[in-house]
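Residues per chain, in single letters:
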There are 2 protein chains.
Amino acid sequence: MMGEETPKARKPRADQLRNRERLLEAAREVFRGEGGSLEEVARRAELGIGTLYRHFPTREALFQAVYAREVEVLERRAAEDGLKDWMQAVLQMMATKKGMVAALAPVFEPESSFFSDQSLRIRAAVAALHARAVEEGAVRPDVTSDDLMRVLMALGYGPGADPARADLLLEVFLDGLRPR
Amino acid sequence: MMGEETPKARKPRADQLRNRERLLEAAREVFRGEGGSLEEVARRAELGIGTLYRHFPTREALFQAVYAREVEVLERRAAEDGLKDWMQAVLQMMATKKGMVAALAPVFEPESSFFSDQSLRIRAAVAALHARAVEEGAVRPDVTSDDLMRVLMALGYGPGADPARADLLLEVFLDGLRPR
DNA sequence: TGCAAAACGGAGGCACCCTCCGTATTAATG
DNA sequence: CATTAATACGGAGGGTGCCTCCGTTTTGCA
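As a starting point, this report considers the structure included with it. None of these values were measured; they are calculated from a predicted model.

**With respect to empty space enclosed by the protein**
Rolled over the atoms, a probe sized like a water molecule indicates the empty space that remains.
Next up, step 1: With the rule as written, the count across this model stands at four cavities of 30 Å³ or more.
Next up, step 2: For the largest cavity, the calculated volume is near 90 Å³.
Next up, step 3: Along the walls of the largest cavity sit Val151(A), Ala154(A), Leu155(A), Leu169(A), Phe173(A), Val151(B), Ala154(B), Leu155(B), Leu169(B) and Phe173(B), which together make up its complete lining.
Next up, step 4: Those elements that provide at least two residues to the lining of the largest cavity are helix H9 (145-157) and helix H10 (163-177) of chain A together with helix H9 (145-157) and helix H10 (163-177) of chain B.
Next up, step 5: Residues belonging to the lining of the largest cavity are distributed by class as follows: 10 nonpolar, no polar and no charged.
Next up, step 6: Computed from the structure, the second largest cavity encloses a volume of approximately 60 Å³.
Next up, step 7: Only H9 of chain A together with H9 and H10 of chain B provide two or more residues apiece to the lining of the second largest cavity.
Next up, step 8: For the lining of the second largest cavity, the element with the most residues is H9(A), which contributes three residues.
Next up, step 9: Grouping the amino acids of the lining of the second largest cavity by side-chain chemistry returns eight nonpolar, no polar and two charged.

Given below as structure tokens:
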């Protein structure tokens, strides 16, 4: 047939690209602290709220775009680091980027995993890390890789979580993780 | 002088008492799940939102009133139970009363502890429990009693927390808690 | 330069938070 | 009882945030 797979391909508008960057930049600032609102992001980017929603239809889409790089780093490190190093890295990342939980949390929401390809990738990376650790005898086998994620999320974001204590608590947990 | 310490003491109005009960009852229902709004509580109690706020000036005041009994139970058990039993009890309580975190969380907010006498009591109870456990050699001494609370809150309410796994994770943590 | 496609912006509907104050109820008093 | 002052009630109203919809503006392409 004559119609190729890419029919026409109009060049994307300049304002579209520019505004997407502005939004991401504003979002990065706003999400450093916790509880930033989307309207705040739009305001800071000096763009209408409608524009924000067109670029990122859901709150999650925005979080995922903002933390794409970080998630990638975690994924890569999961292939190389040991369990302890990796978990520490995650905790540290969470300490400075409060919004990041929103990029990670979908791991636990079955329905949303439709779209959250990042969740799936992280999940797979942790699963591999976990498998290695079990094999090495560092982790008792009745603790799942999801459990590891759970603990990380909890230590990083649970009520009363404190970055200054998280490291110690992680150590305690890892100690307990060894098969009896 | 003639003015006694209790000058006159007018009998409290009947509607006041009645409505307080209605509000608490409605709140108990609403807070079973998570994310109930105060307006929802007022609505369910068939009372104006103003009335709710007069009885319970802050969100926390309401939570504390709702969970006063539970907190008391926890306080009492802390004096008798071992660390493990007690922590399990807390987890179980949290699993059915999502709103309860709001009654416990103030433990970590220094400013609010002004009023939160319940927080202070829980804190003291846990401190005693913790001290006993350290003495018995069940808990390494660099882990504080606040850390124990933190872990409980995290396992019970952290993102992705799952009552079905919480027990196992608690066990792991307790294992790791022993001095090396 | 013209014009259709694409993107923008914000008004508007909804929910919730919390405060303030006019109105209604009640306990005390004669 | 009837009166009245104290007390409690209710909800309007002002603020914030969520998200959608659509009239207006901008931009790529011819």
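Let's pick the thread back up.
**Section: the protein's contact with DNA strand D**
Next up, step 1: By nearness alone, 25 residues border DNA strand D, and Tyr53(A), Arg59(A), Arg13(B), Asn19(B) and Arg54(B) come closest of all.
Next up, step 2: Each atom of DNA strand D within 4 Å of the protein was classed as base or backbone; sugar and phosphate made up 64%.
Next up, step 3: Between DNA strand D and Glu39(A) there is a distance of 3.4 Å, counted from a phosphate oxygen to a backbone nitrogen or oxygen.
Next up, step 4: Between Arg54(B) and DNA strand D, the recorded distance is 2.4 Å, taken from a side-chain N or O atom to a phosphate oxygen.
Next up, step 5: Breaking the surface near DNA strand D down by element, the ones donating at least two residues are helix H1 (14-30), helix H2 (38-45) and helix H3 (49-55) of chain A together with helix H1 (14-32) and helix H3 (49-55) of chain B.
Next up, step 6: Looking at the surface near DNA strand D, the element that brings in the most residues is H3(B), giving five residues.
Next up, step 7: Of the residues contributing to the surface near DNA strand D, the split by class is six nonpolar, seven polar and 12 charged.

**Examining the interface of chain A and chain B**
Next up, step 1: The interface of chain A with chain B comprises 28 residues on the first partner and 28 residues on the second.
Next up, step 2: Carbon and sulfur atoms supply 62% of the area that chain A and chain B bury against each other, a total of about 2,300 Å² over both sides.
Next up, step 3: For chain A, the biggest contributors to the area lost against chain B are Arg150(A), Pro159(A) and Val172(A); these three give 24% of the whole.
Next up, step 4: Applying the counting criterion to the chain A and chain B interface returns eight salt bridges.
Next up, step 5: Between Asp175(B) and Arg180(A) there is a salt bridge whose closest N-O contact spans 3.3 Å.
Next up, step 6: Taken together, chain A and chain B are joined by 10 residue pairs in polar contact (both at pLDDT 80 or more).
Next up, step 7: Only H9 and H10 of chain A provide two or more residues apiece to the side of chain A that touches chain B.
Next up, step 8: Ranked by the residues each element gives to the side of chain A that touches chain B, the list is headed by H10(A), at nine residues.
Next up, step 9: Partitioned by chemical class, the residues of the side of chain A that touches chain B number 14 nonpolar, four polar and 10 charged.

**Observations concerning the protein's contact with DNA strand C**
Next up, step 1: Taken together, 24 residues lie around DNA strand C, and Arg13(A), Asn19(A), Arg54(A), Arg13(B) and Arg59(B) are the ones closest in.
Next up, step 2: A distance of 2.4 Å is found between a phosphate oxygen of DNA strand C and a side-chain nitrogen or oxygen belonging to Asn19(A).
Next up, step 3: The separation between a base oxygen of DNA strand C and a polar side-chain atom of Arg13(B) is 2.8 Å.
Next up, step 4: Going through the elements one at a time, H1 and H3 of chain A together with H1, helix H2 (38-45) and H3 of chain B are the ones with two or more residues in the surface near DNA strand C.
Next up, step 5: Taken together, the residues of the surface near DNA strand C break down into six nonpolar, seven polar and 11 charged.

**Overview of the pattern of salt bridges**
Next up, step 1: Overall, the coordinates contain 36 salt bridges over all chains when judged by the stated rule.
Next up, step 2: In this structure, Glu34(A) and Lys98(A) form a salt bridge, with 3.6 Å as the shortest nitrogen-oxygen distance. Separated by 64 residues along the polypeptide, Glu34(A) in the loop between H1 and H2 and Lys98(A) in the loop between helix H6 (83-96) and helix H7 (101-104) bring together distant segments of the chain.
Next up, step 3: A relative accessible area of 31% places Lys98(A) in the partly exposed class.
Next up, step 4: Residue Arg22(B) is joined to Glu46(B) by a salt bridge in which the shortest nitrogen-to-oxygen separation is 3.3 Å. Within this pair, whereas Arg22(B) is found in helix H1, its partner Glu46(B) is found in the loop between H2 and H3, the two being separated by 24 residues in sequence.
Next up, step 5: Put simply, Arg140(A), Asp142(A), Arg180(A), Glu171(B), Asp175(B) and Arg178(B) are held in one network by salt bridges that share partners.

**Details of the nonpolar core**
Next up, step 1: In terms of nonpolar packing, the biggest core is built from 114 residues, with Phe31(A), Trp86(A), Phe31(B) and Trp86(B) touching the most fellow members.
Next up, step 2: Residues in contact with Phe31(A), not counting those within four places in the same chain, are Gly36(A), Leu38(A), Val41(A), Leu62(A), Phe63(A), Val66(A), Tyr67(A), Lys97(A), Lys98(A) and Gly99(A).

The rules we used
Residues numbered from 1 in each chain as written. Chains lettered and ligands numbered in written order. Predicted model: local features only at pLDDT ≥ 70, side-chain atom pairs only at ≥ 80, totals over all residues. Heavy atoms only, no water. 1 Å grid on protein atoms, 1.4 Å probe; cavity = no way out; pocket = protein on both sides within 12 Å on 5 of 7 lines; lining within 4 Å. Points joined across faces, edges and corners; volume = space filled by probe spheres on them. Helix = DSSP H or I, 4+ residues; strand = E, 2+ residues; numbered from the N terminus. Nonpolar A, V, L, I, M, F, W, Y, C, P; charged D, E, K, R; others polar. Near = heavy atom within 4 Å. Polar contact = N/O pair within 3.5 Å; in protein donor to acceptor, adjacent residues only side chain to side chain. Contact = heavy atoms within 4.5 Å. Buried area = accessible area lost by both parts, 1.4 Å probe. Salt bridge = Lys/Arg side-chain N within 4 Å of Asp/Glu carboxyl O. Buried < 20%, exposed > 50% of the residue type's maximum accessible area, 1.4 Å probe, protein only. Core = buried A, V, L, I, M, F, W, Y, C linked by side-chain atoms within 4.5 Å.

Functional significance is not addressed by these values, which are geometric in nature.
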